[in-house]
Amino acid sequence: MKISKDFSFSSVLDVIAHEKDIVYPTVFYVAGLLLGTFSLNIYRTNSSFLRILKSLFIIKSNDFSAIFINNLALYISVFAIAVLLGMCLIGYPVINAIPFLIGVSLSIKISYFISTFSVKGIGYSLIIIIPEGAAFVTVLILSISVSSKLSKHILDCTSGKQTSITKTDTKNLLKQYIKYALAVVLISFINSLLVYLLKAIITL
C-alpha cells in the first residue's frame, strides 16, 4: 500500500497543533478511560471500594423527575466548571483535567456494571452508559475547546500579546455556550428517560 506523497509526519503534527483544543481533551479522556479500567482491576476485590461504587452508580429512585434532576445537576455542574475555567487565567493549563476525570469515572462505571451484573451489566452499559458517556463527552470536549480558546485569549490579553476580545467574539462564544448547554439538558433528559423505562425491565 502506497502512502500519498503529500502525507508526512510533520503534516500530522500540523493538524494536531491546529486542532489542539480538540485533540488534547480527547487524549486526556482516553488516558482517563485506561486509568479507570486499570484501577478497577486492582481494587476489584476490595469490598469497601465496591460498596462506594455501588452507592455512586446504582440509581435507587424510581421517580423520573428525581432521576432527571440528579443527572441534570451533575452534567450542568461539570459543564459550568468547564465554562468558568475558560474565564480565568488558570483555566488554560488545568481544563483538560475535566475530560481525564470523566474518562476515569466512565470506565470504572462500565467495568463495575459488567463485572458485577455480567450479561445485565453488558446490556445496561450498551444501552445507557456508553451512549450517554459518548454524547456528553463530545459536547464537553467541544465546550472545553471554546473555553480553552477563551482562556488563552484572556491570558494573551493580560500579557499584551493580543488586543481585548471584541463584542462580536463575545456574542459568538455566548451562542456556542448556550447551544452546548441545551445539548447537555437534552442528553440528561434522554438518559433519565431511558434509565426510568429500563428500571421496570432490568433489575440491578
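Structure shown above.
First, a word on scope: everything that follows refers to the structure included in this document.

Cut-offs and rules
- Sequence positions are assigned chain by chain, starting from 1 and proceeding in written order.
- Local features in this predicted model are restricted to residues of pLDDT 70 or higher, and side-chain atom pairs are both shown and tallied only at a pLDDT of 80 or more, whereas totals for entire chains, interfaces and linings draw on every residue.
- The basis for the side-chain values is all heavy atoms of the structure; hydrogens and waters are excluded.
- Think of a patch as exposed residues, more than 30% relative accessible area, with no salt bridge, where like charges cluster within 9 Å and nonpolar side chains (Val, Leu, Ile, Met, Phe, Trp, Tyr) cluster within 5 Å.
- Computed with the Shrake-Rupley method and a 1.4 Å probe, the accessible areas treat only the protein chains shown as cover for residues.
- When a carboxyl oxygen of Asp or Glu lies within 4 Å of a side-chain nitrogen of Lys or Arg, that pair is called a salt bridge.
- In this text, helices come from DSSP runs of H or I with a minimum length of four residues, and strands from runs of E with a minimum of two, each type numbered from the N-terminal end.
- Centres within 6.5 Å are what make two rings of Phe, Tyr or Trp a pair, Trp counting through its six-membered ring; a difference in plane orientation under 30 degrees is then read as stacked, over 60 as edge-to-face, and the rest as tilted.
- Working definition: with a 1.4 Å probe on protein chains only, accessible area under 20% of the residue-type maximum means buried, over 50% means exposed, and in between means partly exposed.
- Each nonpolar core is a collection of buried residues, namely Ala, Val, Leu, Ile, Met, Phe, Trp, Tyr and Cys, held together in the definition by side-chain atoms within 4.5 Å.
- Note on contacts: a residue pair qualifies if any of its non-hydrogen atoms lie within 4.5 Å across the two residues.

Let us look at a nonpolar patch on the surface. A contiguous nonpolar surface patch, about 600 Å² in accessible area, is contributed by L186, F189, I190, L193, L194, Y196 and L197. Mapped onto the secondary structure, L193 falls in helix α7 (residues 167–198).

Moving on, we come to the packing of aromatic side chains. Each aromatic ring pair is summarised here by two numbers: the centre-to-centre distance and the angle between the ring planes. One pass over the structure, following the stated rule, counts nine aromatic pairs. Ring plane angle 70° and centroid distance 6.0 Å describe the contact between F64 and Y196, whose orientation is recorded as edge-to-face. Here F64 is found in helix α4 (residues 64–85), whereas its partner Y196 is found in helix α7, with 132 residues between them in sequence. F64 gets classed as partly exposed once you look at its relative accessible area, which sits at 22%. With a relative accessible area of 37%, Y196 lands in the partly exposed category. A ring pair is formed by F113 and Y124, whose centres lie 4.9 Å apart and whose planes are at 10°; its orientation type is stacked. Owing to a relative accessible area of 9%, Y124 belongs among the buried residues under this scheme. These aromatic residues form a ring-pair network of at least three members: F64, F68, F189 and Y196.

Right, let's talk about the nonpolar core for a bit. Core analysis: the biggest nonpolar cluster contains 41 residues, and F79, I98, I102, Y112, F113, F136 and L140 have the highest contact counts within it. Counting residues per element, the ones that place at least two in this core are α2 (20–43), α3 (47–57), α4, α6 (97–159) and α7. A per-element tally of this core places α6 first, with 20 residues. Excluding its chain neighbours within four sequence positions, the residues that come into contact with I102 are Y29, V78, F136, V137 and L140.

This next bit is on unusual backbone geometry. The backbone of S118 sits at a positive phi, close to 55°, despite the residue not being glycine. Among the structural elements, S118 can be located in helix α6. Accessibility expressed as a relative area gives 44% for S118, which makes it partly exposed.

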